[in-house]
Structures are given as structure tokens and as C-alpha cells.
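Given next are the chains, with one letter for each unit.
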Amino acid sequence: MLKGFFKLTPPERVFEIIDTFAPLQGEEIPIEDSLGRVLSRDIYSPSHMPGFPRATMDGYAVRSRDTFGASPHLPAILELKGEVRMGEIPKMRIGKGEAVKIATGGMLPKGADGVVMIEFSHMLDDSTIEIEKAISPFENVMQPDDDIKRGELVLEKGRRLRPPDIGALAGLGIQCVSVYKRPRIAIISTGDEVIPIEKEPSPGQVRDINRYTLSCFCTAVGACPIFLGICPDDFSALKELVERGMEIADSVWISGGSSVGTRDMTLKVFESMHGFELLVHGIAIRPGKPTIIGQVGSKPVVGLPGQVSSAFIVAEIFMSRIIKRLSGEDPSDIVPYIEAKMTRNMESSPGREDYIRVRLLKEGDDILADPIIGKSGLISPLIQADGLVRIEMNREGVYEGEKVKVIPFISKGALW
């Protein structure tokens, strides 16, 4: 199967392949647990909101026509009939030349069609006020369906819920929502040289950085990581862990399984699984070329590079899309980018996409993209970086002063 590695898959084709994965099943959850979850059904409003005419300012509820022509030099004189108490239905009715004191959020009494702000009114005595400004009908008033109408589509299927979304659901009295299940990602670290972080590495050994990097990445973008352990370079042991992952998770990621020493073994383990289909064996990018993507039944299985920077960048670009797809979110949503100027020339080889780690700097009114150079086995460049600059496949590089689009790391703030 190694021959497939010489026919690298273009990134755009990899995206198309990822988009064929089906979302997970839905489940019903309370809205207090729904932050960051993706709706599996459209939500329509069961009622008007706010549901009654209410004041949007502190002041006096009046008939607007009683204020026509009012000014500081010729104020309108109105009789004060009482006060609307918060949370109560007003019992009084506003007649000609009458007004009622009202606070923001209070229900407008019958007969009134506007609110005069308290700043434009003065008490003449206990039962008389003067109005120094005319108002139009429904000024400073929210109508029963001004916010949301009954039957209106409020939130669409595939939307990742934010705090204002949940607030709207609460305002409509919706207590539970249907959301896609959160993807469970089984993560396996491989390599005879990889040891748990609590151990002191001997020469030739490394602590398991990728377990924590990838697990936290999954959490940040809305998935549930399940770490299955560190596996030596042994076919039977790796197959056993992959089989366990297939039983308890929605996708299995092998970290290190696409490096030169273990790539063949990882692929052989995948191929030994019933129903396995190889989709990608190498991607035309740098870093991250030796990436394997396949599926067993409907579940994606992935072999990620062992070098931490390569694994993380592949996760940001491609694995985030897999998680979005499994979560029911539209993976083709445009990722917001930051326009910046390059601080130096960066070369690239045609025939592949290069992803350059950059830090963002401010210089006057300009935002600068400053490349961070470092080998794929180093984690310090990732600590310093704010995002990536993509150099397209048919370009030979970017130049100092050139405007580029910086793709912020998705995991830097994907959830509220």
C-alpha cells in the first residue's frame, strides 16, 4: 500500500472526502447543558416574544396624540392616573389627557400607545405632569411580537448554540433541545520511545505530548476525547486497542502511526478491520504529509503524524472538520481569518500547500504576520503562534509586505 503515498491527495479533495461522513444521532438535553452543542432539529417559536406591549424606557405611558406639538416652550399638560407595577397587568385604562408612570419592561396599559421618557417630563403637582417632547405612536414601546413571532424559525438545525441562543430558548419557555451527540474520539499514542509524562525519560525516550495536545484539541472543538493508552510498535497490541476504540468511540486517531517507522503497521491494522476503506494515504501539505484517513463502516479512522507540530496542524485543518461533520455542524462554514502583512519572505515548493505558523504583531495601524520557524518535532513554535498562513499549491512562496490571510487556531476559542 505504500505506493499510494506517492499519489498525495490535494487538501480540497480531503475536505470533500471528510464531508461524506454522516452526523451522529441526536439526543434530547436540557438547555442548561446545551452550550456549544449542535442542533439536530430546527426550532420554531411556540409563542410571541415578549408576548405583551412593554415599555423600553422609564417614563410615562400616554396616548401619543396627546403629546403632538409639545415642546419646552409649550408643554402638554396631562393628568397622572397612577403607576404600572412590574410583573402586573395594569388595571387602569388611559383616556384623553391622561398618563401613567411606567418603568422599563412594564406592561403598557390599555389606551396607551407610547412612552414619554422621564427626561422630557416634569411633575407640576401630585397629579399633574407636563410633557416637553412629542412622541410618535409606539415610540419607546416593544410590541408583543417585535422580538420573535409565533411560528417563526428561531434557530436552524446545524447551529452550534451560543449563550444568546440559549437565552432566547429560555425566553420562549423551551426547556429541552434536540442536539447531535458529542463525538467520542479514541486517541492512541504509539511508539516504543513514548512514555507517560510522570516518568523521567531516558536517552531516546520522549514524554507523551500528543495525548494531551490532541485530547485538549478535541475538547476545545466540541468532542469527547477517550485516551486508550500508549501502544508499543506491536501489531497485535495496536489492533486490540483499535478494536476497543471502534467499540466505544465514533472515531479512532492513532498518534504516531503515520511516521516512517510505524506507518505500514498502522495501515495494516486498519486493513485488518472488517469493512475498512482507505480514503487518504498522504496529503499534499507541509507539515502533515504522512496522514492516513480511512473508515470502518461509518466511523473515521486516522493515522496522524507523530511529530507534535505536524499532528496539531493536521488536527486544526482536517480533524476539526471531521469533528464538525460528526457533530452535525456544517463543515464548509467559512473560517474567519485575519488580514495581515508578512514580515519576511517565505519560500514554498509547488505541488503542495504549506502552512506557516505565525504570531500576530501590531505596528501602527497594521497587523503583521511574523513567521515562527521550527522543526515539526518542536512544540515551542506552537506556543508562540496565533495561527497559520496557507501558501497555495501553485505558489513558490509569499513575500515580505505581502497581504496574507491568517487562519486563527480553531482550538484557541472554539467554544464559549
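Above: the structure in question.
The shown structure was predicted, so the numbers you read here are calculated from the model rather than taken from an experiment. (Residues numbered from 1 in each chain as written. Predicted model: local features only at pLDDT ≥ 70, side-chain atom pairs only at ≥ 80, totals over all residues. Heavy atoms only, no water.)

**Q** Would you mind going over the overall build of the chain in detail, with residue names and values included?
**A** What the chain contains, in helices and strands, is 7 helices and 28 strands. Counting the 416 residues in the chain, one finds 46% classified as buried. When contacts within the chain are restricted to residue pairs at least 6 apart in sequence, those whose partners lie at least 24 apart make up 73%. Total accessible area on the chain stands at roughly 20,700 Å², and carbon and sulfur atoms take up 51% of it. (Helix = DSSP H or I, 4+ residues; strand = E, 2+ residues; numbered from the N terminus. Buried < 20%, exposed > 50% of the residue type's maximum accessible area, 1.4 Å probe, protein only. Contact = heavy atoms within 4.5 Å. Areas by Shrake-Rupley, 256 points an atom, 1.4 Å probe, with all protein chains shown as cover.)

**Q** How would you explain helix H2 (residues 163-171) if you had to name every residue and give the values?
**A** Taken residue by residue, H2 has Asp 165, Ile 166, Ala 168 and Leu 169 as its buried positions. Seen from one end, H2 has its buried residues packed into an arc of 155 degrees, which puts them on one side. Close packing links the buried residues of H2 with strand E2 (43-44), strand E11 (153-155) and strand E12 (176-180). Among the residues trailing H2, Gly 173 stands out with phi positive, at a value near 80 degrees. (Arc of directions from axis to C-beta.)

**Q** Can you tell me about the nonpolar core, naming the residues and giving the values?
**A** Phe 217, Trp 253, Phe 318, Met 319 and Ile 323 are the most contacted members of the largest nonpolar core, which totals 37 residues. Only helix H1 (11-18), strand E13 (184-190), helix H3 (209-220), strand E21 (299-304) and helix H6 (308-327) provide two or more residues apiece to this core. If one sorts the elements of this core by residue count, H6 sits on top with 11 residues. Core analysis: the next-biggest nonpolar cluster, separate from the first, contains 20 residues, Leu 241, Met 246, Ala 249 and Phe 270 among them. (Core = buried A, V, L, I, M, F, W, Y, C linked by side-chain atoms within 4.5 Å.)

**Q** Can you lay out the sheet that holds E13 for me, pointing to particular residues and giving the numbers?
**A** Spatial ordering of the open sheet is given by E16-E13-E17-E21-E20-E18, a layout of 6 strands whose pairing is mixed. Sheet topology places strand E16 (224-231) and strand E18 (276-281) at the edges, where each strand pairs with a single neighbour. Sheet twist, expressed as the mean angle between neighbouring strand axes with direction ignored, is 20 degrees. Relative to strand E20 (residues 292-296), E18 is paired through 5 bridges, and the arrangement is antiparallel. The residue bridging Phe 276 from the neighbouring strand is Val 296, located in E20. With respect to the sheet, helix H4 (residues 235-248) is in contact with E13, E16, strand E17 (251-255), E20 and E21, its orientation differing from that of E16 by roughly 165 degrees. Each of E13, E17, E20 and E21 touches H6; the most contacted strand, E21, lies at about 170 degrees to it. (Pairing = 2+ DSSP bridges. Axes fitted to C-alpha atoms, helices over the stretch in contact; angles between N-to-C directions.)

**Q** So what's going on with empty space enclosed by the protein? Which residues, and what values?
**A** Per the stated rule, a full pass over the model turns up 1 cavity of 30 Å³ or more. Computed from the structure, the largest cavity encloses a volume of approximately 40 Å³. Lining of the largest cavity is provided by Gly 36, Arg 37, Val 38, Arg 160, Tyr 180, Lys 181, Arg 182, Pro 183, Gly 222 and Ser 327. Residue composition of the lining of the largest cavity, by class: 3 nonpolar, 3 polar and 4 charged. (1 Å grid on protein atoms, 1.4 Å probe; cavity = no way out; pocket = protein on both sides within 12 Å on 5 of 7 lines; lining within 4 Å. Points joined across faces, edges and corners; volume = space filled by probe spheres on them. Nonpolar A, V, L, I, M, F, W, Y, C, P; charged D, E, K, R; others polar.)

**Q** Please provide a residue-by-residue account of the environment of Ile 131, values included.
**A** Within the secondary structure, Ile 131 is located in strand E9 (residues 128-131). For the pair Ile 131 and Pro 75, spaced 56 residues apart in sequence, the C-alpha separation works out to 5.2 Å. For Ile 131, the residues in contact, after removing those within four places along its chain, are Thr 67, Ala 70, Ser 71, Pro 75, Ala 76, Leu 78, Val 116, Phe 120 and Ser 121.

**Q** An account of unusual backbone geometry is needed here, citing residue identities and associated values.
**A** A cis amide bond, omega 15 degrees, links Met 49 with the succeeding residue Pro 50. Considering the arrangement of structural elements, one finds Pro 50 in the loop between E2 and strand E3 (54-55). Along the chain, Arg 286 connects to Pro 287 via a cis peptide bond; the corresponding omega equals -5 degrees. Phi is positive for Phe 138, close to 70 degrees, though the residue is something other than glycine.

**Q** Could you give an account of a nonpolar patch on the surface, naming the residues involved and the relevant values?
**A** A cluster of nonpolar residues, Ile 209, Ile 379 and Ile 383, forms a patch on the protein surface that exposes about 270 Å² of accessible area. Note that Ile 209 resides in helix H3. Owing to a relative accessible area of 37%, Ile 209 belongs among the partly exposed residues under this scheme. (Patch = residues over 30% accessible without salt bridge, like charges linked within 9 Å, V, L, I, M, F, W, Y side chains within 5 Å. Salt bridge = Lys/Arg side-chain N within 4 Å of Asp/Glu carboxyl O.)

**Q** If you had to explain the pattern of salt bridges to someone new, which residues and values would you point to?
**A** With the rule as written, the count across this model stands at 18 salt bridges. Across the pair Asp 165 and Arg 162 runs a salt bridge, and its minimum N-O distance is 3.5 Å. For Asp 165, a relative accessible area of 5% corresponds to the buried category. Exposure remark for Arg 162: the relative accessible area of 32% places this residue in the partly exposed category.

**Q** Could you give an account of the packing of H1 against H6, with specific residues and numbers?
**A** Packing of H1 against H6 leaves a shortest axis separation of 10 Å and a crossing angle of 20 degrees. Judged by the angle between their axes, H1 and H6 are roughly parallel. Crossing of H1 over H6 shows right-handed handedness. Residues Pro 11, Val 14, Phe 15 and Ile 18 of H1 form the contact with H6, whose participating residues are Ile 317, Phe 318, Arg 321, Ile 322 and Arg 325. Its residues placed into classes, the contact of H1 with H6 shows 7 nonpolar, no polar and 2 charged. (Parallel < 35°, antiparallel > 145°, perpendicular 65-115°, else oblique. Left-handed = near helix turned anticlockwise from the far one by under 90°.)

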